[in-house]
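# Per-entry structural report
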Amino acid sequence: MSLVLTSKVVVSKDGTTIFAEACGDHSKPHMVFVHGLACAATAFDKLFSLPNLQKNFYLVRYDARGHARSGQPTTEEAYVSARYAEDFDAVCEAFDLDKPFYVGWSLAGMIALRVAYHLLTPQPLGSIAADICAAHNPVSIRGIVWLAALPYMGDVLSVVATPLVLSFLPGLSTPQTASEALSERIKFCHTLVAPHNLSKVPFAEMASWVGAATHLKPECAKLLLGRTHDATRLKEEGAKGLPLCIIHGADDLQISGKNVIEQMEPQFKDCESHLLPGLGHIPFWEDPATVASIIQKFVTRVVQNEVSVSSFQCP
């Protein structure tokens, strides 16, 4: 199916512009997709082009602050956790979303934490799934899907991040030369797929990924990588039943899916985990049909459970 998107430039609470796009059926369950470090919303093109997803859901995606077509502020205050939750809120309002599912890839896995915490304690924290949970009480999302995600910035980083991806961070945030900045971004993009899939990436696609990476200014990278998280609210919401679906490639060169599952599955009462063989850090590009099927089944199950509970509670 062709990809026809409705685009909007949304203004977040602090004035930062956020470029967002949507497609699908607005009357169906809503999902918001956010990309990872040094990438862009265009990374989700394959998923958004799938007929089953367009038919059964309303799909929204946006470029995170500091990246691609969104604003790139260079102050520390612009990258505290509350700002990420405010970006999410602004996009939800602009597209009239009703308690959407949050789908976070890589570093964006963290944003969901902040939305559950911000209303009670507006202070700097960290990851986008974590950002969302931390900023709203009650939580403003129906469930979380982590795509090769980093759960939050903090103690878990040393457990789930690979030495390889950690070695890229200085070149992304504090390069000594323009040549180093570019070469590290190219090497970073080469590790998005499983090693055996690298030769299958068309040059135009790789050029698109590298191009998105070059839009991330080193000063922005330094500020967003310097964030930390209090994951308390994320874990509290998980213990209370906030649904989580973990989707990870078994051959991910950047984040260990096995370690993410071991660390986070016990924290969530309603958690399903999928470690997909042969896939890397961008499993939704490497095998979009499989990933889409998992997401669709998860969202459908959660929605059906909500209907069952609601029906049971009615007199």
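Our subject is the structure that appears above.
This is a predicted model, so every value here is computed, not measured.

## As for the sheet that holds strand 7 (residues 143–147)
As summarised here, the arrangement of the 8 strands in space is 1-2-4-3-5-7-8-9, forming an open sheet in which the pairing is mixed. For this open sheet the edge positions go to strand 1 (6–11) and strand 9 (271–276), each flanked by a neighbour on one side alone. Strand-to-strand twist of the sheet, defined as the mean angle between neighbouring strand axes without regard to direction, takes the value 20°. In this structure, strand 5 (residues 101–105) lies alongside strand 7, joined through 5 bridges in parallel fashion.

## A closer look at helix 8 (residues 203–214)
Counted at 1.5 Å a residue, the expected span for helix 8 with its 12 residues is 16 Å, and the 16 Å between its end C-alpha atoms agrees. Residues M206, W209, V210, A212 and A213 constitute the buried set of helix 8. What you see down the axis of helix 8 is that its buried residues fit within an arc of 155°, all on one side. Of the exposed residues in helix 8, those oriented more than 90 degrees away from the buried face are F203 and A204. Against helix 7 (178–190) and helix 12 (283–286) lie the buried residues of helix 8.

## Focus: the side chain of S173
Locating S173 in the fold gives a position in helix 6 (residues 163–173). Overall, S173 belongs to the buried group, its relative accessible area being 13%. Here L169 takes part through its backbone oxygen, which lies 2.8 Å from a polar atom of the side chain of S173. Residues in contact with S173, not counting those within four places in the same chain, are P218, A221, K222 and L225.

## What to know about the nonpolar core
In this structure, W105 and L147 are the most contacted members of the largest nonpolar core, which totals 97 residues. For this core, the element with the highest residue contribution is helix 13 (residues 288–313), accounting for 8 residues. If we skip the residues at most four places from it in the chain, L147 touches F44, V103, G104, W105, S106, I247, F284, V291 and I295.

So, how was this worked out
- Residues numbered from 1 in each chain as written.
- Predicted model: local features only at pLDDT ≥ 70, side-chain atom pairs only at ≥ 80, totals over all residues.
- Heavy atoms only, no water.
- Pairing = 2+ DSSP bridges.
- Helix = DSSP H or I, 4+ residues; strand = E, 2+ residues; numbered from the N terminus.
- Axes fitted to C-alpha atoms, helices over the stretch in contact; angles between N-to-C directions.
- Expected span 1.5 Å × (residues − 1).
- Buried < 20%, exposed > 50% of the residue type's maximum accessible area, 1.4 Å probe, protein only.
- Arc of directions from axis to C-beta.
- Contact = heavy atoms within 4.5 Å.
- Polar contact = N/O pair within 3.5 Å; in protein donor to acceptor, adjacent residues only side chain to side chain.
- Core = buried A, V, L, I, M, F, W, Y, C linked by side-chain atoms within 4.5 Å.

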